[in-house]
Amino acid sequence: HGARASDVGIESLSDFPNGKGMLTASGMRQHYLLGAYVRDQYINKTHLLSPSYNANEFYVQSTQVPRTIQSAEAQVLGIYPLGTTKKLEPKQVKKAVPNIKIDDLEKIQKELGLDAIIDGFQPIPVHNYNIDSEDEVLGYANCPLLVKDYETRLMNDTFWKEFDEYYGPRIYQKLAETFDFPVEQMKFMVAYMLADVLF
């Protein structure tokens with residue numbers, strides 16, 4: 001996922017209107033630009049993908065975590081930006097109306113023109129794993145050896161002391177000031193959860 005709000009150390013959500021742990025505007029921009037890069041490489045230069053979305057060529061999968069779904073959606077919009085979807089044929093316009101009363105139908109139809117959705121937006125499915133953890137997608141949760149190693153390191157003060165000694169003078173003070181967090185309580189695992197926001 002892209003840059004996100006921290007899950008900890010935020011008293012006010014005024015700087016992070018999407019909520020704790022959610023993708024920030026910066027994170028959305030990062031993924032959109034990454035998608036634009038992918039479009040340039042795989043569509044414009046090498047022609048490996050079609051210029052318009054084709055379900056036989058392109059598949060997106062994410063965890064159930066909202067920020068990873070947002071990241072996927074933002075990146076896909078960079079790959080298939082507004083206006084890249086196929087347009088309706090003129091004869092399809094009247095058939096593309098559900099059999100219900102829609103106020104301002106003529107106005108909406110005029111705004112749409114031949115675009116299926118406003119501005120030629122192309123909805124692309126983001127398929128979700130039936131799991132909440134990125135670790136499970138990467139296989140960590142299913143590997144007892146990796147889980148044991150992670151848990152051992154998590155409780156190993158000596159292991160994290162090296163990180164604290166290295167990162168402490170470089171970023172802990174800045175993180176503590178940014179998040180109004182007591183610097184004496186700042187440790188690598190706390191910094192790890194806060195650092196995404198600064199990108």
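Values in this document were obtained by computation on a predicted structure and should not be read as measured data.

1. Notes on the overall build of the protein chain
Within the protein chain, the secondary structure is distributed over seven helices and two strands. Mapped in sequence order, the helices and strands of the protein chain form the string α-β-α-α-β-α-α-α-α. Every one of the 199 residues in the protein chain was classed for burial, and the buried ones make up 31%. Looking at the protein chain alone, contacts between residues at least 24 apart form 61% of all its contacts between residues at least 6 apart. Just so you have it, the protein chain exposes about 13,700 Å², and 55% of that area is on carbon and sulfur atoms.

2. A word on the packing of aromatic side chains
Where two aromatic rings form a pair, the distance of their centres and the angle of their planes describe that pair. This model, assessed by the stated rule, comprises five aromatic pairs. Ring pairs connect the aromatic residues Tyr53, Phe58 and Tyr80, which therefore count as one cluster. Above the face of the tyrosine 166 ring, arginine 170 is positioned so that its terminal group lies 3.8 Å from the ring centre.

3. Side note on the side chain of serine 71
Tracing the backbone through its elements, the reader meets serine 71 in helix H2 (residues 66-79). Among the residues examined, serine 71 registers a relative accessible area of 3% and is labelled buried. In this structure the side chain of serine 71 is engaged in a polar contact, spanning 3.5 Å, whose partner is the side chain of histidine 31.

4. Considering the packing of helix H1 (residues 25-45) against H2
It is at 6 Å that the axes of H1 and H2 come closest, and there the two elements cross at 40°. Overall, the two elements H1 and H2 adopt an arrangement that is oblique. Judged by the twist between their axes, the crossing of H1 over H2 is right-handed. In contact with Met28, His31, Tyr32, Leu34, Gly35, Ala36, Val38, Arg39 and Ile43 of H1, H2 contributes Gln70, Ser71, Ala74, Gln75, Leu77, Gly78 and Ile79. When the residues that make up the contact of H1 with H2 are grouped by side-chain class, the tally is nine nonpolar, six polar and one charged.

5. Considering a nonpolar patch on the surface
A cluster of nonpolar side chains, contributed by Leu82, Ile117, Ile118 and Phe121, occupies part of the molecular surface with about 320 Å² of accessible area. Secondary-structure assignment places phenylalanine 121 in the loop between helix H3 (105-112) and strand S2 (126-128).

6. With respect to unusual backbone geometry
In the Ramachandran plot, aspartate 104 falls in the positive-phi region, its phi being about 60° despite a non-glycine side chain. Tracing the backbone through its elements, the reader meets aspartate 104 in the loop between H2 and H3. The class for aspartate 104 is exposed, based on a relative accessible area of 54%. For aspartate 119, which is not a glycine, the phi torsion comes out positive at approximately 60°.

7. What to know about the nonpolar core
Among the nonpolar cores identified, the biggest contains 13 residues, and Phe58, Val60, Ile79, Tyr80 and Ile124 are the most heavily contacted of them. Contributing elements (two or more residues each) for this core: H1 and H2. What tyrosine 80 contacts, discounting residues up to four positions off in sequence, is Arg39, Ile43, Leu49, Ser50, Pro51, Ser52, Tyr53, Phe58 and Ile124. Among the nonpolar cores identified, the runner-up in size contains ten residues, and Phe179, Met186, Phe188 and Ala191 belong to it.

8. Quick word on the pattern of salt bridges
Considering all chains together, one arrives at four salt bridges under this definition. One salt bridge in this structure joins lysine 45 and aspartate 40, with 3.2 Å as the shortest N-O distance. In this structure, lysine 87 engages aspartate 115 in a salt bridge whose closest nitrogen and oxygen atoms are separated by 2.5 Å. Remark: aspartate 115 occurs in the loop between H3 and S2 and lysine 87 occurs in the loop between H2 and H3; sequence separation between them is 28 residues. Aspartate 115 sits in the buried class, given a relative accessible area of 14%.

The rules behind these values
- Residues numbered from 1 in each chain as written.
- Predicted model: local features only at pLDDT ≥ 70, side-chain atom pairs only at ≥ 80, totals over all residues.
- Heavy atoms only, no water.
- Helix = DSSP H or I, 4+ residues; strand = E, 2+ residues; numbered from the N terminus.
- Buried < 20%, exposed > 50% of the residue type's maximum accessible area, 1.4 Å probe, protein only.
- Contact = heavy atoms within 4.5 Å.
- Areas by Shrake-Rupley, 256 points an atom, 1.4 Å probe, with all protein chains shown as cover.
- Phe/Tyr/Trp six-rings, centres within 6.5 Å; stacked < 30°, edge-to-face > 60°.
- Lys NZ or Arg CZ within 6 Å of the ring centre and 35° of its normal.
- Polar contact = N/O pair within 3.5 Å; in protein donor to acceptor, adjacent residues only side chain to side chain.
- Axes fitted to C-alpha atoms, helices over the stretch in contact; angles between N-to-C directions.
- Parallel < 35°, antiparallel > 145°, perpendicular 65-115°, else oblique.
- Left-handed = near helix turned anticlockwise from the far one by under 90°.
- Nonpolar A, V, L, I, M, F, W, Y, C, P; charged D, E, K, R; others polar.
- Patch = residues over 30% accessible without salt bridge, like charges linked within 9 Å, V, L, I, M, F, W, Y side chains within 5 Å.
- Salt bridge = Lys/Arg side-chain N within 4 Å of Asp/Glu carboxyl O.
- Core = buried A, V, L, I, M, F, W, Y, C linked by side-chain atoms within 4.5 Å.

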